[in-house]
Amino acid sequence: MSTVLYPGSFDPLHNGHLDVIERAAELFGRVVVAAMYNPAKPAGFFDLDERQAMIEESVAHLYDVEVRAFAGLAVDAATESRADFIVKALRTPGDFEIEQQMAHTNYAVSGVRTVYLPCRPDLSFLSSRFIREIAQYGGDVSPLVPAAVARRVKARQPGPLAGPTTP
Ligand code: PNS
């Protein structure tokens, strides 16, 4: 039985993320899901507290899954959570390149190791970026995200075909 940290932007959480959380819980035992800032994506759609609340509602059916919002480094979140590993999900070869670089960097600065879980093939096309884009144009994201996320997206959407709400 291990504790793993699953960090991500989760802006917003989608069905692929939820599948990874479910499998990590099954494989490792305790999972700490960390909603974090990605410095490459500074303008969030939801703030960290909203992301944390949505994830909490979406994992309510799971045993030993904790959700936290962190503003700092993933390795510090891992240490603070007493995580044995960081877990990351891989969708594409492109994901592998960036994740491998982050995993090596995180290990070099802290000794925290990263393990990868492959995404479920039928969910591997999902991306929070496109979900945000659909949401900003008033589209329906409910086939792609947990119900708790779909509700919150809907609550903040403009009318259909209104165009993006943020530049
Ligand atoms: O879902 P994302 O955007 O791919 O997640 C990326 C995230 C948030 C896990 C990554 O940007 C991150 O770890 N951010 C915290 C800052 C940090 O630890 N940076 C050093 C990376 S080597």
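Scroll up to find the structure this text is about.
This is a predicted model, so every value here is computed, not measured. (Residues numbered from 1 in each chain as written. Predicted model: local features only at pLDDT ≥ 70, side-chain atom pairs only at ≥ 80, totals over all residues. Heavy atoms only, no water.)

Peer 1: I tried to follow the overall build of the chain on my own but got confused; where do I start?
Peer 2: Along the chain, the regular secondary structure elements total 6 helices and 5 strands. Overall, the chain shows an N-to-C arrangement of helices and strands of β-α-β-α-β-α-β-α-β-α-α. A compact globule built from 167 residues would reach a C-alpha radius of gyration of about 15 Å, and the chain, at 16 Å, matches this within 12%. Along the first, second and third principal axes, the C-alpha set of the chain runs to 50 × 30 × 30 Å. Taken across its 167 residues, the chain has 48% of its residues classed as buried. In the chain, the proportion of contacts linking residues at least 24 apart, taken out of those at least 6 apart, comes to 72%. (Helix = DSSP H or I, 4+ residues; strand = E, 2+ residues; numbered from the N terminus. Rg over C-alpha atoms; globule rule 2.2 N^0.38 Å. Buried < 20%, exposed > 50% of the residue type's maximum accessible area, 1.4 Å probe, protein only. Contact = heavy atoms within 4.5 Å.)

Peer 1: What am I meant to see in the packing of aromatic side chains here?
Peer 2: Geometry of an aromatic ring pair is reported as the spacing of the ring centres plus the angle between the planes. Evaluated as defined, the whole model comprises 4 aromatic pairs. Ring centres of Tyr6 and Phe10 lie 5.2 Å apart, and the angle between their planes is 70°; this geometry places the pair in the edge-to-face category. You'll find Tyr6 and Phe10 in the same group, each marked buried. Taken together, a centroid distance of 5.0 Å and an interplanar angle of 85° make the contact between Phe45 and Phe46 edge-to-face. Phe46 shares its class with Phe45; the two are buried. Across the ring face of Phe45, the terminal group of Arg156 is positioned such that the distance to the ring centre comes to 5.5 Å. (Phe/Tyr/Trp six-rings, centres within 6.5 Å; stacked < 30°, edge-to-face > 60°. Lys NZ or Arg CZ within 6 Å of the ring centre and 35° of its normal.)

Peer 1: When you look at helix 4 (residues 93–110) in this model, what are you seeing that I'm missing?
Peer 2: Given 3.6 residues to a turn, an α-helix orients residues that are three or four positions apart in the same direction. Here helix 4 contains 18 residues, and its C-alpha end-to-end distance of 25 Å stays within 8% of the 26 Å for a straight helix at 1.5 Å per residue. Within helix 4 the residues assigned to the buried category are Asp95, Glu99, Ala103 and Asn106. Down the axis, helix 4 shows its buried residues gathered within 70° of arc, on one side only. For helix 4, the exposed residues lying more than 90 degrees away from the buried face are Pro93, Glu97, Gln101, His104, Ala108 and Val109. Each element contacted by the buried residues of helix 4 is listed here: helix 3 (74–80), strand 4 (85–90) and strand 5 (113–118). (Expected span 1.5 Å × (residues − 1). Arc of directions from axis to C-beta.)

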